[in-house]
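Fold and contact review
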Amino acid sequence: MKENGLSKSIQIIGVPVDLGASRRGTDGGVSAVRIAGLGEKLKKLGYGVAEEVDVAVPSKESRPSESQGNMRFRSEILQVCRDLAVVTRNTLENGNIPMVVGGDHSLAIGSISGIADYYQKQNQDLGLVWFDAHADMNIPGISPSGNIHGMPLSHLMGYGDKDFTSILSDNPKIKPENVALVGVRDIDEKERELIRQSGVKVYSMRDIDEMGMSRVADEVIEIVTKGTVGFHVSFDVDGCDPEVMPGSGTLVPGGVSYREAHLLLEKCAETRLMTSMDLVELNPFLDKGNISAERAVSLVLSAFGQSVI
């Protein structure tokens, strides 16, 4: 993230999408994070912050009524992801670090497709830290809900809907051996089969309890940096315990503590190999006084190198 002691600039990209989830409100997450002062706080860390950009997202109310199919709001989310992929790739081409703020986790298909394409054109692979209570590896036909925010990781590895797997190129965006899931504690039955088939490494809450976050973080970093140019962090706030992050529509009890999440992200920052980041699933309408956004911003700052001393 830093070269010759000088910080690269960060490009904050707002993607106010909530079409991928059942509960409304993640479109407000972008504003909540901005109100919590993400841009100004990154500047205080010594980063340049480019003028923030937004990716256009249609509202549910402006769309024709749609059936509860295999992929709800498929065409709308596909367009958002295609547009976002161009933005994240251009951000890297301009020498900036993509910091994508959502919105639900469906946006990761777009953000990571653009970042991976940038590096694949240089014959380099991207690692991926997926911090989430859920594996997000459903595909159309096995997803119980048809919600695309439960499908991004599978599509990034080349499984599922061809239009989503082939954004910017036909290549799978991420190799399974360079993916680590952290904080997982809620997996659908048929999704479990695809996880096993793919070979991705999953660190469940039991693993974190037994091994401790420090060792988990070390193993995660080894996985995502082995043979890669660096790694992207896709951070879903529901990976944290609901006591830490009440402002999410996909809460699962028994999650990662605030301190454990900071430790993971601090260790990511120490590598200086984080290429980019997503922050997703923040729902301010379910929050308590914007505390989740404020804590989420603090966690992002840890990923970009903030430390106690």
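So, here is what we can say about the structure in this document. Worth saying up front: this structure is predicted, and the values here are computed from it rather than measured. (Residues numbered from 1 in each chain as written. Predicted model: local features only at pLDDT ≥ 70, side-chain atom pairs only at ≥ 80, totals over all residues. Heavy atoms only, no water.)

This next bit is on the overall build of the protein chain. Helices and strands together make up the secondary structure of the protein chain, namely eleven helices and ten strands. Taking 19 Å as the expected radius of gyration for a compact globule of 309 residues, we find that the protein chain reaches 17 Å, a close match to that expectation. Dimensions along the principal axes, computed over C-alpha positions, put the protein chain at roughly 55 × 45 × 40 Å. With 309 residues in all, the protein chain has 56% of them scored as buried. Of the roughly 12400 Å² that the protein chain leaves accessible, carbon and sulfur atoms contribute 46%. Counting 31 positive and 43 negative side-chain charges, the protein chain places the averaged centre of each group 2 Å from the other. (Helix = DSSP H or I, 4+ residues; strand = E, 2+ residues; numbered from the N terminus. Rg over C-alpha atoms; globule rule 2.2 N^0.38 Å. Buried < 20%, exposed > 50% of the residue type's maximum accessible area, 1.4 Å probe, protein only. Areas by Shrake-Rupley, 256 points an atom, 1.4 Å probe, with all protein chains shown as cover. Lys, Arg positive; Asp, Glu negative; His and termini not counted. Charge placed at Lys NZ, Arg CZ, Asp CG, Glu CD.)

Attention now goes to the packing of aromatic side chains. Counted under the stated rule, the structure contains three aromatic pairs. Seen in terms of ring centroids, Tyr47 and Phe304 are 5.6 Å apart; in terms of plane orientation they differ by 80 degrees. Their pairing is edge-to-face. In this pair, Tyr47 sits in the loop between helix 2 (38-44) and strand 4 (53-54) while Phe304 sits in the segment after helix 11 (291-303), placing the two residues 257 residues apart along the sequence. Take Tyr47 and Phe304: they sit in the same class, and that class is buried. When the ring of Phe131 is compared with that of Phe235, the centres are 4.3 Å apart and the planes differ by 5 degrees; the resulting orientation is stacked. Taken together, the positions of Phe131 in strand 6 (residues 126-131) and Phe235 in strand 9 (residues 230-236) put the pair 104 residues apart, joining distant regions of the chain. Accessibility classification places Phe131 together with Phe235 in one group, the buried group. Sitting over the face of the ring of Tyr203, Lys201 holds its NZ or CZ atom 5.2 Å from the ring centroid. Taking NZ or CZ as reference, Arg295 lies 5.9 Å from the ring centre of Tyr258, over its face. (Phe/Tyr/Trp six-rings, centres within 6.5 Å; stacked < 30°, edge-to-face > 60°. Lys NZ or Arg CZ within 6 Å of the ring centre and 35° of its normal.)

Going through the model one piece at a time under the given rule, you end up with 15 salt bridges. Two residues, Lys43 and Glu40, come together in a salt bridge whose shortest N-O distance is 3.4 Å. Taken together, the residues span about one helical turn, with Lys43 and Glu40 both in helix 2 at a distance of three residues. Judged by relative accessible area, Lys43 falls into the partly exposed class, the value being 41%. Classification of Glu40 as partly exposed rests on a relative accessible area of 49%. Here Asp161 ties to Arg74 by a salt bridge, and the two come within 2.8 Å at their closest N and O atoms. With a gap of 87 residues between them, Asp161 in the loop between helix 5 (152-156) and helix 6 (162-165) and Arg74 in helix 3 (residues 74-93) connect regions that are remote in the sequence. (Salt bridge = Lys/Arg side-chain N within 4 Å of Asp/Glu carboxyl O.)

Purely spatial values, then, with no claim about function.
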